[in-house]
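Tertiary structure, described
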Amino acid sequence: MNAAEKQSGGWRWTLLAVGAFVAALLIYQGAGWIAQARDAAQPARVATMPLVEVVSVRSVPQTHSVIEEGFLRPKAEIDVVAEVAGKVVDVSPNLAPGGRFAAGDVMFTIDPRTFEADLARAKADLSAARAEVARAKAEDTRQGRLQDIGAAAAARREQAGTELAAARARLGQAEAGLIVAQKAMADTAVTTPFAASVISESLALGRFVQPGQAVATIFDTSAGEVVLGLLPEEAREVRRALEQTDGPLRASVTPTKASAGDAPLEGIVKSIGQAVDQRSRTVPVVVEVPGAFDETNQGAVFANDFVRVELPAYSPEPLYAVTNDVIREERFIWTLTDDNRLHAVAIDQVQRRPSETLFRATEDLTGHRVVLTALTEEAEGIEVAIANPSGARAETLQ
């Protein structure tokens, strides 16, 4: 190949390379024009905001209820014990679980014969002691007159006085002995200290009992008591309600699903404690339930049963109610500002009901909208869109 041919081939390859470059450039430029045309044909993208549902806050009366659960216990529950030793000779047919006694009724009797003899002996000793005092007193008087006329020595008068003092001491012992014998005799008949119902017993005719030996357990049927542990703020609001009531502050005592009984009762707030339990940080409030264990309630009310107590309370601050789902972390709610941005409001829960929560707030919430929807990310100032502009969820607030 000569020089002219070599030069001609070089130009050919150069022209091919330039042509390929120009073609690639045109293809790239054309793709850009096509993309621009497609983007121009599509509508502009709009930034989306979280969509939330809102509900309205409801103002409620400052007089409300505090609800707590506890055990309906008797005012007193005691073991029945014998105070003297002896054989049981009589047992009341009522001394059985569920049996009832009026105050002072005899539950069982211990053989009294030995104690009757002791009582008779004590009475005889007392009579003898009284006679001895009378004789010693007469002798002391006689010796005093003789000494006055000089017919008796001073030593004899002193001896008579000593004998009178000893006789009086023996009289005192005899009187005490009689009291002991009378009490022992009375203790052979074991009676109830109050109107009572029997929880359990372990006694039979002929059984020998010892002093202090428990043979039955009974409880006072005059009234029941429920001791509730309220939070200090709840206890204060119950006290405020009590201060605003002319008569006793009445409470509703009702069975729960876990209760054995099924009868509703009425109680009275008896006392509000002034000390906080160190472990539970609660204040004891005692509710007395008169007539809880009356015979008419037998089979419907049970001692030591689990019950629900609803107490009147009064809050000095405004109260609000809202559906439970809006509460965040049990301590705040999200409200909306005028430009639909999230705003956190701290709350103090007063009472949680099945469908709504009663609470106080750090701000006036009258007419405010509260966010119901739980967002993945929630922060102060986030702008949101409202799914239900009317805020209608009234059915959850009834």
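Please refer to the structure placed before this passage.
This write-up is about the structure you can find in this document. (Residues numbered from 1 in each chain as written. Predicted model: local features only at pLDDT ≥ 70, side-chain atom pairs only at ≥ 80, totals over all residues. Heavy atoms only, no water.)

Brief notes about the sheet that holds strand S11 (residues 208-209)
What the four strands build is an open sheet, ordered S9-S8-S6-S11; its pairing is antiparallel. The sheet is open, and its two borders are formed by strand S9 (189-191) and S11, each paired with just one other strand. Across three bridges, the pairing between strand S6 (residues 86-91) and strand S8 (residues 106-110) is antiparallel. From the neighbouring strand, Val91 faces S8, where its bridge partner is Phe108. (Pairing = 2+ DSSP bridges. Helix = DSSP H or I, 4+ residues; strand = E, 2+ residues; numbered from the N terminus.)

Topic: the environment of Gly367
Tracing the chain through its elements places Gly367 in the loop between strand S21 (356-361) and strand S22 (369-371). Between the alpha carbons of Gly367 and Val57 there is a distance of 6.7 Å; along the sequence they are 310 residues apart.

With respect to helix H4 (residues 232-243)
In a regular helix each residue adds 1.5 Å, so 12 residues correspond to 16 Å; H4 covers 16 Å between its end C-alpha atoms and thus fits that length. Inspection of H4 places Glu234, Ala235, Glu237, Val238 and Ala241 among the buried residues, and these make up the whole buried set. Seen along its axis, H4 keeps its buried residues to an arc of 165°; they face one direction. (Expected span 1.5 Å × (residues − 1). Buried < 20%, exposed > 50% of the residue type's maximum accessible area, 1.4 Å probe, protein only. Arc of directions from axis to C-beta.)

Some points on the pairing of strand S18 (residues 319-323)
Burial within S18 is extensive, with five of its five residues counted as buried. One ladder, built from four bridges, connects S18 with S21; its direction is antiparallel. Note on S21: the bridge partner recorded for Ala321 is Leu358.

Regarding the sheet that holds strand S7 (residues 100-101)
The four strands are arranged S5-S12-S10-S7 in an open sheet whose pairing can be described as antiparallel. Whereas interior strands pair on both sides, the edge strands pair on one side only; in this sheet they are strand S5 (77-81) and S7. Inspection of the sheet shows strand S10 (residues 196-201) paired to strand S12 (residues 214-220) by five bridges, in the antiparallel sense. The residue of S12 that forms the bridge with Ala196 is Asp220.

A look at helix H3 (residues 154-186)
Between the first and last C-alpha of H3 there are 49 Å, a value that for 33 residues agrees with the 48 Å anticipated at 1.5 Å per step. Listing the buried residues of H3 in full gives Ala160, Leu164, Ala167, Leu171, Ala174, Leu178, Ala181 and Ala184.

Considerations on the nonpolar core
As a rule of thumb, nonpolar side chains are buried together in soluble globular proteins. Leu72, Leu230, Val238, Val309 and Leu311 are the most contacted members of the largest nonpolar core, which has 28 residues in total. Of all elements in the fold, only strand S4 (63-74), strand S13 (223-230), H4, strand S14 (250-255), strand S15 (265-272), strand S16 (283-290) and strand S17 (305-314) reach the threshold of two or more residues within this core. Val80, Phe101, Met107 and Leu203 belong to the second largest nonpolar core, which has 20 residues in total. (Core = buried A, V, L, I, M, F, W, Y, C linked by side-chain atoms within 4.5 Å.)

A short note on the side chain of Asn324
Counting through the fold element by element, Asn324 comes out in the loop between S18 and strand S19 (332-336). Polar side-chain contacts of Asn324 include one of 3.4 Å to the backbone nitrogen of Glu356. When near neighbours in sequence (up to four residues on either side) are disregarded, Asn324 contacts Arg352, Arg353, Pro354, Ser355, Glu356 and Thr357. (Polar contact = N/O pair within 3.5 Å; in protein donor to acceptor, adjacent residues only side chain to side chain. Contact = heavy atoms within 4.5 Å.)

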